[in-house]
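# Survey of secondary and tertiary structure
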Amino acid sequence: MPPPQEIINRAPREAMDVFIMGANDKGQLCMGPGYRERTIVQKPARNPYLSEDHQTVAIAVGNNHCLALTADNRVLSWGSNTHGALGRTTRLWPLGDGRWVPWSRVEGEDDNPNSPEGRRIDSILQTPRHINPIAIERGTVFTQVAVTDHASFALTETGEVYGWGAFEYNGGENDAVHRFYAFHPYHMEWPEQGQLRNQPSPLKIRFPTDNPQIVQIACGSNHVLALSKSGLVYSWGTPDMNLLGRRFLNRRLRNPRHRHDPYGNMNHHFAPGVVANLVNIRYVACGANFSFAVTKPLTRGNRKGTQLCYVWGQNDDMQTTLPLSKAPFMETPGHPDAPDGTRMRVVPYPTEAPWLSGIGHADDEPEPAIKAISGALRYGLAIRRNGWGEAWGNEHKMPNAMGVVNQDNEPLIPAIPPGNDFTQAPQFAGWHYFHDNCRWDQVATGRQHSLAVDQDGKVYVWGSNAQNQCGVPRPTGYPNIDVIDRPTLLENFIEGRITLFVGAGAKYSVFGFAKGRFRNEDGGNVDDVEVPADFRRSILDFNDDDVEVGGD
């Protein structure tokens, strides 16, 4: 019997009151049976499934699906199950001719596609349910969950990782572009096994070492970073744009002896490998197609105490904060994220980003180390340890998603300098709300909207509000407010509450507040305060004014 492994991770213990807002077209708001595709929650509403039925302690928010970790060590999933992202069966009833129908249609629910509210979403998708535990070792304790666009991951207390779903991979062959979905090397090494190459249930991820001791997971759209206790960074997923920052051997390791081993070929982009040139790392983060790694403080030299930040990946809009001159073109024919459809600017391997390395952008204003980073497709937001915020990149379709304001708190719209003559700094830096009057604690980015929490626990939103993902409802008799052009405080429903979590999906947002704990007027914590019943009924629960059906 092998000796017990060291416990290196601890799961969060404090249960949350979970709030939701925005679009529910894939069931991502976890609203339970009966809701349809065009249901929109116009302002923050408390979710009873995640707040009462389950004691939720952690949440991972993806484009169209979510995971939650509960106090009793269960991993729940809901939303879109495209390519197995939910890690459980959602099509249960065979018709006998090779077809399967969703559970809800077996239950006899109305599925009239001509309804103004759209089709009814399958109840099994928009209700939180446990992932399939068949391959999870007995006694496993989970501590973190994370998601990509079509895959999901869970970290254990001993530093092991389970995953399921699929990565999207764009490959060219004979002047044609093909889109593949696969999860581990076996799916790509043996394509004759069929086109439905996903992992429908949790599978333990194999690392180059037997005990990788992973302490953090970060996910982009189709790639994953895993940080080890020793400070190494592992990556795997799609090889597009050299997202993984790895150097691969030229030879193929397809070995018939490993024909039925998912990780028989470890020299593969779908198998974890060490990111080049990174050591002594303490924190990792991802944008859609780019990555960040922040080191522990340097202990020697003239930069002693500095925490360096390394970046790599797509850089067409300076998503990595590096100038375009640092990112050569890479051919990516047919890739949906390529600006011209054929090529991208890419930082191929980890490169130091001076702007985020605690060096500062003015001699008299040195910046402290980075505390948190969140990246979208074409821009990123960060928070330094003193609470200052930074923004960079250029979200062309929704520039207000960056939340950049001037000294008068008026929005600034990014503009590309003539001739693309970028300097060493990002297009925009100094993302501050009312100058230095506000210090930030958490940040999250969706597809075209952003959220942040200040150190007083107040939530600010900005960017696209077309689906009410910013939680700003339309005034009676007026059209919807489609754009929030500057960081705007969400009032009323969060007064005095302690914010533990914010997350942003493609067209929706999720918040987690401490249960029974509030701040007093002096900013301190007031523990064990029971929420009045009338307050729950009038503010926290769903009501007719919060939910709109038939929206765009």
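Residues numbered from 1 in each chain as written. Predicted model: local features only at pLDDT ≥ 70, side-chain atom pairs only at ≥ 80, totals over all residues. Heavy atoms only, no water.

On to the overall build of the protein, then. Scanning the protein for helices and strands turns up four helices and 34 strands. When the 552 residues of the protein are sorted by exposure, 55% land in the buried category. Expressed as a percentage of contacts within the protein between residues at least 6 apart in sequence, the contacts between residues at least 24 apart total 60%. Split by element, the accessible area of the protein, about 24200 Å² in all, is 48% carbon and sulfur. (Helix = DSSP H or I, 4+ residues; strand = E, 2+ residues; numbered from the N terminus. Buried < 20%, exposed > 50% of the residue type's maximum accessible area, 1.4 Å probe, protein only. Contact = heavy atoms within 4.5 Å. Areas by Shrake-Rupley, 256 points an atom, 1.4 Å probe, with all protein chains shown as cover.)

Let us now look at the nonpolar core. Of all hydrophobic cores here, the largest spans 30 residues; its most connected members are Leu-451, Val-459, Val-461 and Phe-511. For this core, the secondary structure elements donating two or more residues are β1 (16-23), β25 (379-384), β27 (440-445), β28 (449-454), β29 (459-464), β31 (497-504) and β32 (508-519). With four residues, the top contributor of residues to this core is β29. The residues contacting Leu-451, other than those within four sequence positions of it, are Met-21, Gln-442, Val-443, Ala-444, Tyr-460, Val-461, Trp-462, Gly-503, Ala-504, Ser-509 and Phe-511. Val-233, Cys-286, Phe-292 and Cys-309 belong to the second largest nonpolar core, which has 29 residues in total. (Core = buried A, V, L, I, M, F, W, Y, C linked by side-chain atoms within 4.5 Å.)

A word on the packing of aromatic side chains. As enumerated under the stated definition, the model contains 14 aromatic pairs in all. Plain terms: the ring middles of Phe-207 and Trp-236 are 5.6 Å apart, the flat faces sit at 85 degrees to each other, and that makes the pair edge-to-face. Within this pair, whereas Phe-207 is found in the loop between β14 (199-204) and β15 (214-219), its partner Trp-236 is found in strand β17 (residues 233-237), the two being separated by 29 residues in sequence. In this structure, Phe-207 and Trp-236 share a single accessibility class: buried. What links up through ring pairs into an aromatic cluster is the set Phe-153, Phe-167, Phe-183, Phe-207, Tyr-234, Trp-236 and Phe-270. (Phe/Tyr/Trp six-rings, centres within 6.5 Å; stacked < 30°, edge-to-face > 60°.)

The strand order across the open sheet built from five strands is β19-β20-β21-β23-β22, with neighbouring strands paired in antiparallel fashion. Strands at the two margins of the open sheet, each flanked by one partner only, are β19 (281-286) and β22 (329-331). Strand-to-strand twist of the sheet, defined as the mean angle between neighbouring strand axes without regard to direction, takes the value 25 degrees. Alignment of β19 against strand β20 (residues 290-295), held across five bridges, turns out to be antiparallel. In the sheet register, Cys-286 faces β20, and the bridge partner there is Ser-291. (Pairing = 2+ DSSP bridges. Axes fitted to C-alpha atoms, helices over the stretch in contact; angles between N-to-C directions.)

Under the criterion given, the structure shown has 14 salt bridges. Ionic pairing is found between Asp-17 and Arg-46, a salt bridge with its closest N-O pair at 3.0 Å. Of this pair, Asp-17 sits in strand β1 while Arg-46 is found in strand β2 (residues 40-46), placing the two residues 29 residues apart along the sequence. In this structure, Asp-17 and Arg-46 share a single accessibility class: buried. The shortest N-O distance in the salt bridge between Arg-303 and Glu-352 comes to 2.6 Å. In this pair, Arg-303 is assigned in the loop between β20 and β21 (309-314) and Glu-352 in strand β23 (residues 343-352), connecting sequence segments 49 residues apart. (Salt bridge = Lys/Arg side-chain N within 4 Å of Asp/Glu carboxyl O.)

With respect to topology, four strands assemble into an open sheet ordered β27-β28-β29-β30, the strand pairing being antiparallel. In this open sheet, the two edge strands, each paired with only one partner strand, are β27 and β30 (483-489). Between one strand axis and the next, the sheet turns by 10 degrees as a mean value, whatever way the strands run. Taken together, the five bridges between β28 and β29 define a ladder with antiparallel strand orientation. By the bridge assignment, His-449 is partnered in β29 with Gly-463.

Here we take up the side chain of Ser-374. By the secondary structure assignment, Ser-374 is in strand β24 (residues 370-375). Within the structure, Ser-374 has its side chain in polar contact with the side chain of Thr-445 (distance 2.8 Å). Filtering out sequence-adjacent residues up to four positions away, Ser-374 remains in contact with Gly-380, Leu-381, Val-443, Ala-444 and Thr-445. (Polar contact = N/O pair within 3.5 Å; in protein donor to acceptor, adjacent residues only side chain to side chain.)

Glancing now at the state of the cysteines. Within the structure shown, the criterion is met by zero disulfides. Here Cys-286 stays free of any disulfide, with the sulfur of Cys-219 as its closest cysteine sulfur at 6.7 Å. By relative accessible area, which is 9% here, Cys-286 ends up buried. (Disulfide = S-S within 2.5 Å.)

Our next topic: the confidence of the model for the protein. On average, residues of the protein carry a pLDDT of 79, and 74% of them reach 70 or more. Segment residues 101-110 is flagged for pLDDT under 50; beyond a separation of four residues in sequence, or across chains, it makes 25 contacts in the model. Across residues 417-426, confidence stays below pLDDT 50; counting only partners more than four residues off in sequence or on other chains, it has 21 contacts. (pLDDT = per-residue confidence, 0-100.)

Further remarks concern the pairing of β21. Burial of β21 is extensive: five of the six residues sit out of reach of the surface. In the sheet, β21 pairs with β23 via four bridges, with the strands oriented antiparallel. Across the sheet, the residue bridging to Tyr-310 is Glu-352, located in β23.

Bringing the pairing of β27 into the picture now. In terms of burial, β27 is a largely internal element, five of the six residues being buried. What sits between the antiparallel neighbours β27 and β28 is a turn of three residues.

A positive phi angle is found at Asn-280, which is not glycine, with a value near 60 degrees. Locating Asn-280 in the fold gives a position in the loop between β18 (273-274) and β19. Overall, Asn-280 belongs to the partly exposed group, its relative accessible area being 33%. Positive phi is not limited to glycine here, since Asn-468 has a value of about 60 degrees. By the secondary structure assignment, Asn-468 is in the loop between β29 and β30. Residue class for Asn-468 comes out buried when judged on its relative accessible area of 0%.

This part takes up the environment of Ala-372. Following the sequence through the fold, Ala-372 ends up in strand β24. Judged by relative accessible area, which is 17%, Ala-372 ranks as buried. For the pair Ala-372 and Ile-383, spaced 11 residues apart in the sequence, the C-alpha separation amounts to 5.2 Å. For Ala-372, the residues in contact, after removing those within four places along its chain, are Tyr-283, Leu-381, Ala-382 and Ile-383.

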